[in-house]
Amino acid sequence: MKKRYLYFMKHIVVLTGAGMSAESGIKTFRDSDGLWEGHDVMEVATPEGFAANPELVLDFYNQRRRQLFEVEPNQAHYDLAKLETNYKVTVVTQNVDDLHERAGSSNVIHLHGELLKVRSTYDTNDIQDWKTDLVLGDKCKKGDQLRPHIVWFGEDVPMIEIAVKICETADILIIIGTSMQVYPAAGLMNYVPKHTPMYFIDPKPSIDCKENLTVIAETATVGVTKFIELFTT
Ligand SMILES: NC(=O)c1ccc[n+]([C@@H]2O[C@H](COP(=O)([O-])OP(=O)(O)OC[C@H]3O[C@@H](n4cnc5c(N)ncnc54)[C@H](O)[C@@H]3O)[C@@H](O)[C@H]2O)c1
């Protein structure tokens, strides 16, 4: 019986960006003049930046990883997780934090990698969990230097094809806390079936309401509550 019920559950796809975690205390890019915690992204989030100064880059992600242990999911992360009681929910996030998982979401795709994983600098598939600082000299089993498992600007986004397929099966799309400036993530909304209801939650929304798109110009916590009121009443 349970399996048959699940089959008929509506599929909510949620696309999240840095704004989703802002109320947990993790800064976005846009609200910091394009800097990431005071750093030029070209220095800390590109392969060229890593080649030029690997210690600086490793240290930057070490600080981000340490910060992650000091923050908690916010109410919006928890509310999205609760939607799984009545819907099939897939979260496709640009965020590299683990706050969706910690709030209880069971189906999370990380487009831009994860802070709590590292990978070989040579083999993109040689990935391992990592909770402490990463330093020069930390190597994979084959003896190659490890690097953060982060998709840097200019690198391929391996999860994008899976994300496209997920969007193609959406019954409802919610987009939360993204400036819609980083591609290919920003293009995912174009893959949902025609006429799919879409909701965009962001206090400074970068797109306008149109036919099947409702803009909720609020923070993630207020906006997700409003979405639930609109959608379930
Ligand atoms: N938490 C994280 O993992 C984290 C943090 C910073 C940057 N990043 C990376 O930065 C890239 C930047 O793209 P982006 O579009 O995700 O971020 P962005 O910084 O370009 O845009 C953030 C968006 O969040 C909105 N916002 C600010 N406060 C909000 C709130 N309380 N609730 C809801 N929305 C809020 C802003 O108006 C803006 O539109 C991504 O690739 C991501 O990997 C990740």
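Being a predicted model, the structure only gives us computed values, none of them experimental.

Caption draft 1: Local environment of the pattern of salt bridges. If you walk through the whole model with that rule in mind, you get 7 salt bridges. With a closest N to O distance of 2.8 Å, Asp-133 and Arg-66 form a salt bridge. One end of the pair, Asp-133, is in the loop between strand 7 (127–129) and strand 8 (146–150); the other, Arg-66, is in helix 4 (residues 54–68), with 67 residues separating them in the sequence. On the accessibility criterion, Arg-66 (42% relative accessible area) is partly exposed.

Caption draft 2: Inspection of the sheet that holds strand 10 (residues 198–201) at higher detail. Spatial strand order, 5-4-1-9-10-11: 6 strands in an open sheet with parallel pairing. Each end of this open sheet is capped by a strand with a single partner; those strands are strand 5 (108–110) and strand 11 (213–216). Adjacent strand axes in the sheet meet at a mean angle of 15°, parallel and antiparallel pairs treated alike. With 4 bridges joining them, strand 10 and strand 11 adopt parallel strand pairing. If you follow Phe-200 over to strand 11, its bridge partner there is Val-215. Seen against the sheet, helix 7 (residues 160–168) touches strand 1 (11–16), strand 4 (88–93) and strand 5 and runs at an angle of roughly 135° to strand 1. Helix-sheet contacts for helix 8 (residues 220–232) involve strand 1, strand 9 (172–176), strand 10 and strand 11, and the interaxial angle to strand 10 is about 155°.

Caption draft 3: Expanded view of unusual backbone geometry. Put simply, Tyr-183 and Pro-184 share a cis peptide bond, and its omega is 10°. Within the element layout of this structure, Pro-184 appears in the loop between strand 9 and strand 10. We note that Met-180 has phi near 55°; this positive angle belongs to a residue other than glycine. Examined against the element boundaries, Met-180 turns out to sit in the loop between strand 9 and strand 10. Among the residues examined, Met-180 registers a relative accessible area of 16% and is labelled buried. In the Ramachandran plot, His-195 falls in the positive-phi region, its phi being about 75° despite a non-glycine side chain. Looking at the element boundaries, His-195 is found in the loop between strand 9 and strand 10. Relative accessible area serves as the criterion here: at 56%, His-195 is assigned to the exposed category.

Rules and cut-offs
- Residues numbered from 1 in each chain as written.
- Predicted model: local features only at pLDDT ≥ 70, side-chain atom pairs only at ≥ 80, totals over all residues.
- Heavy atoms only, no water.
- Salt bridge = Lys/Arg side-chain N within 4 Å of Asp/Glu carboxyl O.
- Helix = DSSP H or I, 4+ residues; strand = E, 2+ residues; numbered from the N terminus.
- Buried < 20%, exposed > 50% of the residue type's maximum accessible area, 1.4 Å probe, protein only.
- Pairing = 2+ DSSP bridges.
- Axes fitted to C-alpha atoms, helices over the stretch in contact; angles between N-to-C directions.
- Contact = heavy atoms within 4.5 Å.

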